[in-house]
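Structure assessment
Here's the letter readout for the chains.
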Amino acid sequence: VRNLHTRLHPTGAHPVATAPFAASTMPPATAKLAVADCIWRFDAARWTLSLPERPAMRLSMAEKIVLEQLLGRTGQVASRDQLVELLARQHIRVYSRNLDALISRLRRKAERVCGGKLSILSARNIGYVFTGRCDILAATSSAEINAAAA
């Protein structure tokens, strides 16, 4: 595991990770950005993301696919190619710049709807990494999935 070197995006929009990393190796100033004060809750069956005592944010298919991949490998980089390929399997056309826009919209949506900062960092020229904490709720049966869809 390499140390994290961060710098702000040219617009100052969000921190950028330049190498794969573990949150425990992050410099103290950056660690504050990565470790959320609260735990996100991802409900795969209902396609929602929420914070405790906050409204749930409904997710589009593309947002759900990307979040599942990032949350399933917290602290590890999901490559741009992997994310684009996963979206393409669902017939969602996303290219490199579209992926950047999708992540940006997802961050803004989380702040607007849930009132919290979604800790997704850019790994420059590599992909994205989720560095926060999240409970992942998944349906265990097709009956639960169908009930959630209703």
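In the block above lies the structure referred to throughout.
Attention in this report is confined to the structure presented alongside it. Treat the numbers as computed from the prediction; the structure is a model and nothing was measured.

A closer look at the packing of helix H3 (residues 80–89) against helix H4 (residues 96–114)
At their nearest, the axes of H3 and H4 sit 10 Å apart, and the two run at 90° to each other. Taken together, H3 and H4 sit at an angle that is classed as roughly perpendicular. For the pair formed by H3 and H4, the contact residues are Arg-80, Leu-83, Val-84 and Leu-87 on the first element and Ser-96, Arg-97, Leu-99 and Asp-100 on the second. Residues belonging to the contact of H3 with H4 are distributed by class as follows: four nonpolar, one polar and three charged.

A short note on the environment of Arg-80
Relative to the elements of secondary structure, Arg-80 occurs in helix H3. Linking Arg-80 and Tyr-128, residues 48 residues apart in sequence, is a C-alpha distance of 7.2 Å. The contact partners of Arg-80, leaving out residues within four places of it in the chain, are Ser-96, Arg-97, Leu-99, Asp-100, Asn-125, Ile-126, Gly-127 and Tyr-128.

With respect to the pairing of strand E3 (residues 40–43)
Inspection of the sheet shows E3 paired to strand E9 (residues 134–137) by four bridges, in the parallel sense. Looking at E9, one finds that Asp-43 is bridged to Leu-137. Looking at chain direction, E3 and strand E4 (residues 48–50) are connected through three bridges and run antiparallel. Bridge assignment links Phe-42 to a residue of E4, and that residue is Leu-49.

Considerations on the environment of Cys-114
With respect to the helices, strands and loops of the structure, Cys-114 is situated in helix H4. A C-alpha to C-alpha distance of 6.3 Å links Cys-114 and Leu-51, two positions 63 residues apart in sequence. The residues touching Cys-114, leaving out its near neighbours within four places in the chain, are Trp-40, Leu-49, Ser-50, Leu-51, Arg-54, Pro-55, Met-57 and Lys-109.

A word on the nonpolar core
The biggest cluster of nonpolar side chains holds 29 residues, and the ones touching the most others in it are Trp-40, Leu-67, Leu-118 and Ile-120. Looking at this core, the elements that each hand over two or more residues are E3, helix H2 (61–71), H3, H4 and strand E8 (127–130). With sequence-adjacent residues up to four places away left out, Leu-118 is seen in contact with Trp-40, Leu-49, Leu-67, Leu-106, Arg-107, Ala-110 and Phe-130.

Digging into H4
With 19 residues, H4 extends 27 Å between its outermost C-alpha atoms, agreeing within 8% with the 27 Å of an ideal straight helix rising 1.5 Å per residue. Looking at H4, one finds that the buried residues are Leu-99, Asp-100, Leu-102, Ile-103, Leu-106, Arg-107, Lys-109, Ala-110 and Cys-114. Positioned one or two residues after H4, Gly-115 has a phi angle of 75°, which is positive.

Description of the sheet that holds E3
Spatial strand order, E5-E4-E3-E9: four strands in an open sheet with mixed pairing. Looking at the sheet topology across the chains shown, the edges are occupied by strand E5 (57–58) and E9.

Things to note about the pattern of salt bridges
Counted by the stated rule, this structure contains six salt bridges. Notably, a salt bridge pairs Lys-109 with Glu-63, separated by 2.9 Å at the nearest N-O pair. One end of the pair, Lys-109, is in helix H4; the other, Glu-63, is in helix H2, with 46 residues separating them in the sequence. For Glu-68, the salt bridge is made with Lys-64, and the minimal N-O distance between the two is 3.0 Å. Highlighted residues: Glu-68 and Lys-64, both in helix H2, separated by four residues, approximately one helical turn.

So, the packing of H2 against H3
Put simply, H2 and H3 touch, their axes get as near as 10 Å, and they point 135° apart. Classified by the angle their axes make, H2 and H3 are oblique. In this structure, H2 crosses over H3, and the sense of that crossing is right-handed. Across the interface between the two elements, Ala-62, Ile-65, Val-66 and Gln-69 from H2 touch Gln-82, Leu-83, Leu-86 and Leu-87 from H3. A class-by-class count of the residues in the contact of H2 with H3 yields six nonpolar, two polar and no charged.

Analysis parameters
- Residues numbered from 1 in each chain as written.
- Predicted model: local features only at pLDDT ≥ 70, side-chain atom pairs only at ≥ 80, totals over all residues.
- Heavy atoms only, no water.
- Axes fitted to C-alpha atoms, helices over the stretch in contact; angles between N-to-C directions.
- Helix = DSSP H or I, 4+ residues; strand = E, 2+ residues; numbered from the N terminus.
- Parallel < 35°, antiparallel > 145°, perpendicular 65-115°, else oblique.
- Contact = heavy atoms within 4.5 Å.
- Nonpolar A, V, L, I, M, F, W, Y, C, P; charged D, E, K, R; others polar.
- Pairing = 2+ DSSP bridges.
- Core = buried A, V, L, I, M, F, W, Y, C linked by side-chain atoms within 4.5 Å.
- Buried < 20%, exposed > 50% of the residue type's maximum accessible area, 1.4 Å probe, protein only.
- Expected span 1.5 Å × (residues − 1).
- Salt bridge = Lys/Arg side-chain N within 4 Å of Asp/Glu carboxyl O.
- Left-handed = near helix turned anticlockwise from the far one by under 90°.

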